[in-house]
Amino acid sequence: DVIMLVSLNASDHSAAVIQIPRDTYAKYTGRNYRKLNGADAYLGIDGFRAFLERSMGIRIDRHLILNLDAFSDIVDAVGGVEIDLPSDLVYDDPVQHLYIELHKGKQRLMGDTAEQFVRYRAGYVEADLGRMDAQKLFLAAFIDAVKSNMTLPGTVRLVRALYGEVETDLTFGECCALLPVLLSTELSDVTMTTLGGEAVRTEAGTWYYVLSRS
């Protein structure tokens, strides 16, 4: 449910991250418009990539799908992430087996609590947009944790341990080649953007995110 396009510039050690809202109104079935987060299951990853390339006029070189278990393991491996929560985050959804209870204040989020933080959306005024703002905050804090706590050899060991836990067409060699660039990229050189648009509610009560044309 988290869709990001990432561009890494090895020459000047900069990066750009574009968040695509999961509720984006998109026509990928050939008939009806649906939420974009269903495109991977409907088209498969290759079809999803091709759809994004056609829709956005870009080329996507590689893909990486990270499941929640791998996400938690990675956060634990870097020693957790420090976040200052402005308010309590509490939400229960037995259907999804999702139980969130995080309290206001500065704290270190480990794998399980980090997952709660990035999945929380119910209490934000603009649910999915609020969650994406929180994910930007988390990503910045995660980058800082990696740069502060991980050496290049340690990061290589982490990649080796987790490589089988993610779905990607990046080779292990390509991952290792990218690591020095990632570790030397300053947070100030990382640009994070959300595609512009507005939340629209249908007569049936379903919310969509409709992208702006410009």
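Before reading further, recall that the structure is shown in the block above.
Below, the structure is looked at part by part. (Residues numbered from 1 in each chain as written. Predicted model: local features only at pLDDT ≥ 70, side-chain atom pairs only at ≥ 80, totals over all residues. Heavy atoms only, no water.)

Attention now goes to the overall build of the chain. Across its full length, the chain holds six helices and 13 strands. For the chain, whose C-alpha radius of gyration is 18 Å, the value lies close to the compact-globule estimate of 17 Å for 214 residues. Taken along the three principal axes of its C-alpha coordinates, the chain extends 55 × 40 × 30 Å. Considering only intrachain contacts with a sequence separation of at least 6, the fraction spanning at least 24 residues in the chain is 53%. Accessible surface, the chain as shown: approximately 12600 Å² in total, 52% of it carbon and sulfur. Computed over 21 positive and 30 negative side-chain charges, the separation of the two mean positions in the chain equals 5 Å. (Helix = DSSP H or I, 4+ residues; strand = E, 2+ residues; numbered from the N terminus. Rg over C-alpha atoms; globule rule 2.2 N^0.38 Å. Contact = heavy atoms within 4.5 Å. Areas by Shrake-Rupley, 256 points an atom, 1.4 Å probe, with all protein chains shown as cover. Lys, Arg positive; Asp, Glu negative; His and termini not counted. Charge placed at Lys NZ, Arg CZ, Asp CG, Glu CD.)

Below, the discussion takes up the packing of helix α2 (residues 68-77) against helix α3 (residues 111-119). It is at 8 Å that the axes of α2 and α3 come closest, and there the two elements cross at 120 degrees. Regarding the angle of α2 to α3, the classification is oblique. The interaxial crossing formed by α2 with α3 has right-handed handedness. Residue-level inspection shows Leu68, Phe71, Ser72, Val75 and Asp76 of α2 in contact with α3, the latter providing Gly111, Asp112, Ala114, Glu115, Val118 and Arg119. Residue classes in the contact of α2 with α3 are distributed as five nonpolar, two polar and four charged. (Axes fitted to C-alpha atoms, helices over the stretch in contact; angles between N-to-C directions. Parallel < 35°, antiparallel > 145°, perpendicular 65-115°, else oblique. Left-handed = near helix turned anticlockwise from the far one by under 90°. Nonpolar A, V, L, I, M, F, W, Y, C, P; charged D, E, K, R; others polar.)

Reading across the sheet, the three strands line up as β1-β2-β11 and stay open at both edges, with mixed pairing between neighbours. The open sheet has two edge strands with one neighbour each: β1 (3-9) and β11 (190-194). Direction aside, neighbouring strands of the sheet carry axes that sit 15 degrees apart on average. As defined by bridge partners, β1 adjoins strand β2 (residues 14-20) across seven bridges and the pair is classed as antiparallel. For Met4, the partnering residue across the bridge sits in β2 and is Gln19. (Pairing = 2+ DSSP bridges.)

Turning our eyes to something else, we now look at unusual backbone geometry. In this structure, His13 takes a positive phi of about 55 degrees despite not being glycine. Overall, His13 belongs to the partly exposed group, its relative accessible area being 28%. (Buried < 20%, exposed > 50% of the residue type's maximum accessible area, 1.4 Å probe, protein only.)

With 26 residues, the main nonpolar core has Val81, Ile83, Leu89, Leu102, Phe117, Phe138 and Phe142 as its most contacted residues. Put simply, the parts of the chain that give this core at least two residues each are α2, β6 (81-85), β8 (98-102), α3, α4 (127-149) and α5 (152-162). Element by element, the count of residues in this core is highest for α4, at six residues. For Phe142, the residues in contact, after removing those within four places along its chain, are Ile74, Val78 and Val81. With 12 residues, the next largest nonpolar core counts Ile20, Ala39, Phe51 and Ile60 among its residues. (Core = buried A, V, L, I, M, F, W, Y, C linked by side-chain atoms within 4.5 Å.)

All chains considered together, the criterion is met by eight aromatic pairs. Measuring from ring centre to ring centre gives 6.0 Å for Tyr28 and Phe51, while their planes differ by 75 degrees; the resulting arrangement is edge-to-face. Taken as a pair, Tyr28 in the loop between β3 (25-26) and β4 (34-35) and Phe51 in helix α1 (residues 39-56) lie far apart in primary sequence, 23 residues in all. Three or more aromatic residues joined by ring pairs form one cluster here, namely Phe71, Phe117, Phe138 and Phe142. (Phe/Tyr/Trp six-rings, centres within 6.5 Å; stacked < 30°, edge-to-face > 60°.)

Let us look at the pattern of salt bridges. Scanning the model with the defined rule gives nine salt bridges in all. Across the pair Asp23 and Arg22 runs a salt bridge, and its minimum N-O distance is 3.6 Å. An identical accessibility class is assigned to Asp23 and Arg22; each is buried. Between Arg108 and Glu82 there is a salt bridge, and its shortest N-O distance comes to 3.0 Å. Here Arg108, found in strand β9 (residues 105-109), pairs with Glu82, found in strand β6; they are 26 residues apart in sequence, far enough to count as distant. Within this structure, Arg22, Asp23 and Lys35 form a network of salt bridges that share partners. (Salt bridge = Lys/Arg side-chain N within 4 Å of Asp/Glu carboxyl O.)

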